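Inside the fold
Spelled out, the chains give:
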Amino acid sequence: MRLRRPPPPGGGPRTPGPTPSAPRTGRPTLPAPPTELIDTPHGVRLEQLVAGVGDPVTVFAHGLAGDLSGTRPLGSGVTGRRVFFHFRGHGRSAAPPGPWSFADLAADLRAVADHSGATRALGVSMGSAALCRVLADAPDRFDRAVFYLPAPLDGVRPRAAVERFELLLAAVESGEAAAVAEAVERELPPSVRNTPAGWAYLRQRVEQLLHDGLAPELDTLWREPAVADEEALRAWRGAALVIGCIGDDLHPASWAERLAGLLPGAELHVYDRPAVLWTHRRELRDRISEFLNARP
């Protein structure tokens, strides 16, 4: 394991010997806002966080191995109530016996949306595929939807995505903070590593993953397509914004382009470089909020 220098102010790994330990706390991460567990019709208790007041209500669905902190920045400019939740196997949400499918994730998303009365939705990667499954099964469910870095719908992932998740899952199961930190660091673009923002993200992610863990059943999701018949998405009549980027090995821009072609009248925006949430955060947030805040 390589040494990381220089350490961030008040944080970073201690390196008394030839290898670094996990990042020490330094300045502690901010306490997470209080969440609640809700019961669902399909019997899986799910963790959610509700922010804001009034209508409309927007539900935010995270990506594989993600958490609430990863979707909250995307909704910071969205008006009305914003409902962030953890899919099964993430955070404090339940992890029923597997194997799991995207039908199960769609049931989680649909239950949270129904519980809150959400009429709009945003999905990130895996959450985007779950959202597609909801729309394929219930074309009248949402009137506006954002698909950020869409995941494949045919059940086939890039090898890089498979390897990264396997590494992260093994690290979390080991319970070793240093191993988790090493796996999480791969999520950061090189320009962000060894910066205060990068270290803050690393500390938060390591703490969350060690505290809540990840369910190994998540690795069974891609045994079948997320949407059996992609053409079913053409029946949806809501407004869609699809966001992709060039150069992302885990989320090729071609997937965003294909999804935009399936959703009637979808607006497509493809950034010219990856790590959009780090390099174009304000623009991304404004683009999403402008779309979701628009009147029908």
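This section reports on the structure supplied with the text.

Conventions used here
- All residue numbers refer to position in the chain's written sequence, counted from 1.
- Under the rules for a predicted model, residues below a pLDDT of 70 receive no local features and side-chain atom pairs below 80 are neither given nor counted, while totals for whole chains, interfaces and linings still include all residues.
- Heavy atoms from the whole structure form the basis of all side-chain values; hydrogens and water molecules are not counted.
- In the sections that follow, a salt bridge refers to a side-chain nitrogen of Lys or Arg positioned within 4 Å of a carboxyl oxygen of Asp or Glu.
- Runs of H or I in DSSP of at least four residues are treated as helices and runs of E of at least two as strands, each being numbered from the N terminus.
- Exposure is judged per residue with a 1.4 Å probe applied to protein chains only, and the accessible area is read against the type maximum: over 50% gives exposed, under 20% gives buried, and values in between give partly exposed.
- His is not counted here, nor are the chain ends, while Lys and Arg score as positive and Asp and Glu score as negative.
- Two N or O atoms form a polar contact when they lie within 3.5 Å of each other; inside protein one atom must be a possible hydrogen donor and the other a possible acceptor, and for residues adjacent in sequence the pair counts only when both atoms belong to side chains.
- Any two residues whose heavy atoms approach within 4.5 Å at even a single point are treated as in contact.

**With respect to the pattern of salt bridges**
Summed over the entire model, instances satisfying the criterion amount to 16 salt bridges. For the salt bridge of Glu-47 with Arg-92, the shortest nitrogen-to-oxygen distance reads 3.3 Å. Of the two residues, Glu-47 is situated in strand 4 (residues 46–51) and Arg-92 in the loop between strand 6 (81–85) and helix 2 (102–116); the sequence distance between them amounts to 45 residues. Take Arg-92: its relative accessible area is 39%, and that puts it in the partly exposed class. The shortest N-O distance in the salt bridge between Asp-137 and Arg-133 comes to 3.1 Å. With Asp-137 and Arg-133 both in helix 3 (residues 126–137) and four residues apart, this pair spans about one turn of that helix. On the basis of relative accessible area, Arg-133 is assigned to the buried category, the value being 16%. One network of salt bridges, with partners in common, ties together Arg-110, Asp-114 and Arg-141.

**Some words on the side chain of Arg-82**
With respect to the helices and strands, the residue Arg-82 is situated in strand 6. For the buried Arg-82, no salt bridge is present, and the opposite-charge side chain at shortest range is Asp-55, 12 Å distant. Of the polar contacts made by the side chain of Arg-82, one reaches the backbone oxygen of Val-78; its length is 3.1 Å. If near-sequence neighbours (up to four positions away) are discounted, Arg-82 is found in contact with Leu-49, Val-50, Ala-51, Gly-52, Thr-58, Phe-60 and Gly-75.

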